[in-house]
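Coordinates in review
Spelled out from the first residue to the last, the chains are:
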Amino acid sequence: MLFRSYAEGSTSSEGQIHATIDGGEGHDVVNVHGGWNDHLSLTGVEQVNAGNTWTGLTITADAALSSATLGEGSDTLTVTAVGDSVTTTVNAGDGNDTVTFNASAGADVHATVYGGYGDDTVSITASAEDAQGNYRNEGNITASVAGGEGNDTVNLSVVYADGSTSGEGQIHATIDGGEGHDVVNVHGGWNDHLSLTGV
């Protein structure tokens, strides 16, 4: 557990937490309480609980991450998967949050994102190629996004290694924009399927 607290033990937004954590084998959990603009770099960590943070949190993680609960500030979560598919549920909480999934070398993305109150941006990108442009496997996206109240943006992209639009892989997404002016941008894919509500 990572804490920033006052003398009596209550959670504090004073001070910062900067941590690099390698969970290794097993089911690993990181709990974060307090801090100001905390930064976490996670490898091999399956679960992060940071609901008791208020001032913005930045997390980078690999494909091991299966569950993330963010705080009330404007948080940033970036999940990178290379070759290994990722299945992750994110509760972003209140605030103008940014949730990003970057998958390459044929890794699939299975993402469930709850945006909460605020103007959230959810971006999911999959590529059939590795960083050198070698074809590995179709990179598919399966996503369920509930934007919540606010002006939310959802970006879904299937691309080649150089970022150009690809017809490899498919996008299957169910998106509920909630209240506000919501935008969905789709790039690439093959026989994509979208179900949109409140968009």
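Residues numbered from 1 in each chain as written. Predicted model: local features only at pLDDT ≥ 70, side-chain atom pairs only at ≥ 80, totals over all residues. Heavy atoms only, no water.

Focus: the overall build of the protein
Looking only at helices and strands, the protein features zero helices and 17 strands. Looking at the protein residue by residue over its 199 residues, the buried ones come to 42%. (Helix = DSSP H or I, 4+ residues; strand = E, 2+ residues; numbered from the N terminus. Buried < 20%, exposed > 50% of the residue type's maximum accessible area, 1.4 Å probe, protein only.)

Points about a nonpolar patch on the surface
Together, V186, L194, L196 and V199 give the surface a local cluster of nonpolar side chains, amounting to about 300 Å² of exposed area. Relative to the helices and strands, L194 is located in strand β17 (residues 193–197). (Patch = residues over 30% accessible without salt bridge, like charges linked within 9 Å, V, L, I, M, F, W, Y side chains within 5 Å. Areas by Shrake-Rupley, 256 points an atom, 1.4 Å probe, with all protein chains shown as cover. Salt bridge = Lys/Arg side-chain N within 4 Å of Asp/Glu carboxyl O.)

Some points on the sheet that holds strand β4 (residues 38–43)
Strand order across the open sheet formed by eight strands is β2-β4-β6-β8-β10-β12-β14-β16, with parallel pairing between neighbours. Edge positions in the open sheet fall to β2 (18–22) and β16 (183–187), since each of these has one partner strand only. Neighbour-to-neighbour, the strand axes of the sheet open up by a mean angle of 5°, direction not taken into account. For strand β10 (residues 98–104) and strand β12 (residues 121–127), the ladder comprises six bridges, and the chain directions are parallel. Pairing of F101 across the sheet is with I124, part of β12. (Pairing = 2+ DSSP bridges. Axes fitted to C-alpha atoms, helices over the stretch in contact; angles between N-to-C directions.)

Notes on the pairing of strand β6 (residues 57–62)
Note on strand geometry: in a regular strand, side chains alternate between the two faces of the sheet. Burial along β6 is one-sided: the face carrying L57, I59 and A61 is buried and the face carrying T58, T60 and D62 is not. Pairing analysis gives five bridges linking β6 to strand β8 (residues 76–82), with the strands arranged parallel. Residue pairing for β8: D62 is matched across the bridge by T80.

Describing unusual backbone geometry
It is generally the case that most residues other than glycine have a negative phi and that most peptide bonds are trans. Phi is positive for A105, close to 60°, though the residue is something other than glycine. Within the element layout of this structure, A105 appears in the loop between β10 and β11 (109–114). Of note in this structure, N191 is not a glycine but carries a positive phi near 55°. In this fold, N191 is placed in the loop between β16 and β17.

So, the environment of V184
Inspection of the secondary structure assignment puts V184 in strand β16. With 62 residues separating them in the primary sequence, V184 and V122 have C-alpha atoms 9.5 Å apart. Every residue in contact with V184, bar those within four places of it in the chain, is listed here: V154, I175, L196 and V199. (Contact = heavy atoms within 4.5 Å.)

What to know about the side chain of D152
As for its position among the elements, D152 is in the loop between β13 (141–146) and β14 (153–159). What makes D152 buried here is its relative accessible area of 4%. Polar side-chain contacts of D152 include one of 2.9 Å to the backbone nitrogen of D120. Apart from the residues lying within four places of it in its own chain, the contact partners of D152 are G118, D119, D120, G147, G177, H181, D182 and V183. (Polar contact = N/O pair within 3.5 Å; in protein donor to acceptor, adjacent residues only side chain to side chain.)

As for the confidence of the model for the protein
Of all residues in the protein, 89% attain a pLDDT of 70 or more, and the chain-wide mean is 86. Looking across the protein, the model is least confident in strand β1 (residues 2–3), with a mean pLDDT of 43, and most confident in β11, with 97. Segment residues 1–13: pLDDT under 50, and 37 contacts once partners within four positions in sequence are set aside and those in other chains are kept. (pLDDT = per-residue confidence, 0-100.)

What to know about the environment of N134
Structurally, N134 is set in the loop between β12 and β13. Using a relative accessible area of 41% as the deciding quantity, one classes N134 as partly exposed. When the C-alpha positions of N134 and A161 are compared, they lie 8.4 Å apart, and in sequence the two are 27 residues distant. Dropping the residues within four chain positions of it, N134 is found in contact with A128 and E129.

Focus on the environment of T89
Tracing the sequence through the fold places T89 in strand β9 (residues 86–91). C-alpha separation for the pair T89 and L65, spaced 24 residues apart in sequence, amounts to 8.7 Å.

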